[in-house]
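# Chain and residue survey
One letter stands for each residue in the lines below.
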Amino acid sequence: MTLALPGADGSLRGYEPRTEPLAVTPGTPLTSRTVFSAAHVVADPFADTTPDSPAAVDWDATLAFRRHLWSHGLGVAEAMDTAQRGMGLDWAGAAELIRRSAAEARSVGGRIVCGVGTDQITGGGLADVRAAYEEQLAVVEEAGARAVLMASRALAAAARGPEDYLETYGHLLRQAAEPVVLHWLGPMFDPALEGYWGSSDLDAATGTFLEVVAAHPDKVDGVKVSLLDARREVDLRRRLPRGVRCYTGDDFNYPELIVGDDQGFSHALLGVFDPLGPLAAEAVRVLDTGDTAGFRAVLDPTVPLSRHLFRAPTRFYKTGVVFLAWLAGHQDHFTMVGGLQSARSLPHLARAYELADGLGLFPDPKRAEERMRNLLSLYGVNQ
């Protein structure tokens, strides 16, 4: 039956839902690229909470989703911004998430990295920033996971210039037990990170970022770049010390960056690989055979969906990610910590459904259609 989907202009358009999912099954481990999906958390819809109270997490559903990603050969990037760090999930909740997910990874043999930030503080000086980073780094290392040093709102506010970033990151890298991933998250994902690395000039900021890496190449497994600028990522990738990986965080240009060129390629740590997990794994398995054209044939058609989910204001992409997880049957409700299910409009969600359904992302298209009808009805769209 045709669905009536609302457009941005207020009109309704007819859409004929897909009847069969794309046939994608778990397969062999990925070999040519290291690929992490930044996974979302599943809220507990029955908890009596408010948007500014501590998050209530459905731990069973949250861990089940991670097992889903691991079953397809993907790694899990835990407690990143996809999990609503600083947007509903506080540090206490993130620490519990890290401990539980790391234990689950050990039990199933899954690969995991975990975000380390400073979101337990909202201000303070450089000493406070260092102490906050150290506290979180200790939790991740005690859990037996590799750390991702995330960009810090508190550091962006406290730093006076590039030298404060060099000192802070140098201090943390020297004491890290294992090599870490350095994460540069652009202001399109979090406006509070404007001017990170000590300058709003991206060339100058890149220079400082690379200076940190060059001073500690033995303590940097890789860098994760989320600037939505393919040219800049390629330039940065070519300037990394030998042995330091580049993990693309570019949810607009990931197919071309993962394929790479004759001078190198990017691995991946992507929020969009939460809804695209099985399809992304299938594409990388094709790439493992050396078939770059086949890889692009699988992954290129997913870019319109990703660009839609991550359209400005980009930080609200998490709403679309959780929405698609609900439609796909990975959770029984469309509820988010912090109440962020309201952060995207009905026309935005309708287009996300249309694009995802066209790709065959829903294991049960009929269930996804029924859930979409229910949502439309709640918004007053009569079918």
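Quick note: structure is the one above.
The sections below set out a description of the structure shown in this document. (Residues numbered from 1 in each chain as written. Predicted model: local features only at pLDDT ≥ 70, side-chain atom pairs only at ≥ 80, totals over all residues. Heavy atoms only, no water.)

### Considering the side chain of Lys 318
Filter applied, for reference: Only DSSP runs of H or I reaching four residues or more are called helices, and only runs of E reaching two or more are called strands; each is numbered from the N terminus. Partly exposed describes any residue whose relative accessible area lies between the buried limit of under 20% and the exposed limit of over 50%, with all areas from a 1.4 Å probe on protein chains only and scaled to the type maximum. Contact between two residues is taken to exist if any of their heavy atoms lie within 4.5 Å; hydrogens are not considered.
Position of Lys 318 relative to the elements: it lies in helix H12 (residues 317-327). For Lys 318, a relative accessible area of 3% translates into the label buried. Dropping the residues within four chain positions of it, Lys 318 is found in contact with Asp 81, Thr 82, Gln 84, Met 87 and Met 336.

### Details of the sheet that holds strand E5 (residues 112-116)
How we decide: Any two strands with at least two DSSP-identified bridges between them are counted as paired. Axis angles are defined between N-to-C directions and span 0 to 180 degrees, where every axis is a line fitted to C-alpha atoms and, for a helix, only to the segment in contact.
What the eight strands build is a closed barrel, ordered E3-E4-E5-E6-E7-E8-E9-E10; its pairing is parallel. The average angle at which neighbouring strand axes cross in this sheet is 25 degrees, direction not considered. Across two bridges, strand E6 (residues 146-149) lies against strand E7 (residues 180-185) in parallel orientation. Along E7, the bridge assignment pairs Leu 149 with Leu 182. Packing against the sheet, helix H3 (residues 126-142) makes contact with E5 and E6, and its axis sits at approximately 160 degrees to E5.

### Points about helix H5 (residues 162-175)
This is how the line gets drawn: For a helix, the expected span equals 1.5 Å multiplied by the residue count minus one.
For H5, spanning 14 residues, the distance from its first C-alpha to its last is 20 Å, which sits close to the expected 20 Å at 1.5 Å a residue. Burial in H5 covers these residues: Asp 164, Tyr 165, Thr 168, Tyr 169, Gly 170, Leu 172 and Leu 173. Those residues of H5 that are buried are in contact with H3, E6, helix H4 (153-158), E7, helix H6 (202-215) and strand E8 (220-226).

### Describing unusual backbone geometry
Ala 312 connects to Pro 313 through a cis peptide bond whose omega is -10 degrees. Residues other than glycine seldom take positive phi values, yet Trp 197 does so here, at roughly 70 degrees. Mapped onto the elements, Trp 197 comes out in the loop between E7 and H6. Look at Leu 228: it is not a glycine, yet its phi comes out positive at around 55 degrees. Within the element layout of this structure, Leu 228 appears in the loop between E8 and helix H7 (230-238). Taking the relative accessible area as the measure of exposure, Leu 228 reaches 18% and is therefore buried.

### Observations regarding the packing of aromatic side chains
Rules: Stacked, tilted and edge-to-face pairs are distinguished by plane angle, under 30 degrees for stacked and over 60 for edge-to-face with tilted covering the rest, among Phe, Tyr and Trp rings (Trp via its six-membered ring) whose centres lie within 6.5 Å. Charge-over-ring placement is defined geometrically: NZ (Lys) or CZ (Arg) within 6 Å of the ring centre, and within 35 degrees of the ring normal.
Inspection of every chain in the model, using the stated rule, returns 18 aromatic pairs. Here the aromatic rings of Tyr 133 and Tyr 169 are separated by 6.1 Å at their centres, their planes lie at 55 degrees, and the arrangement is tilted. Taken as a pair, Tyr 133 in helix H3 and Tyr 169 in helix H5 lie far apart in primary sequence, 36 residues in all. For the pair Tyr 133 and Tyr 169, a shared accessibility class is recorded, and that class is buried. Summarising the aromatic geometry, the rings of Phe 323 and Trp 326 are spaced 6.2 Å apart at their centres and angled 50 degrees between planes, so their arrangement reads as tilted. With a gap of three residues between them, Phe 323 and Trp 326 both fall in helix H12, about one helical turn apart. A connected cluster of aromatic rings, assembled from ring pairs, spans Tyr 133, Tyr 165, Tyr 169, Trp 184, Tyr 196, Trp 197 and Phe 209. Positioned above the aromatic ring of Phe 265, the side-chain terminus of Arg 33 is 3.5 Å from the ring centre.

### Points about the pattern of salt bridges
In plain terms, the rule: Here, a salt bridge means any side-chain nitrogen of Lys or Arg that lies within 4 Å of a carboxyl oxygen of Asp or Glu.
Considering all chains together, one arrives at 18 salt bridges under this definition. In this structure, Arg 238 engages Asp 261 in a salt bridge whose closest nitrogen and oxygen atoms are separated by 2.6 Å. Placement of Arg 238 in helix H7 and of Asp 261 in the loop between helix H8 (254-259) and strand E10 (267-270) is noted, with a sequence separation of 23 residues between them. Given a relative accessible area of 42%, Arg 238 falls into the partly exposed group. Residue Arg 371 pairs with Asp 332 through a salt bridge whose shortest N-O separation is 4.0 Å. Taken together, the residues span a long stretch of sequence, with Arg 371 in helix H14 (residues 365-378) and Asp 332 in the loop between H12 and helix H13 (346-359) at a distance of 39 residues. It is possible to trace a salt-bridge network through shared partners that takes in Arg 13, Arg 351 and Glu 354.

Function cannot be inferred from these measures alone, as they are strictly geometric.
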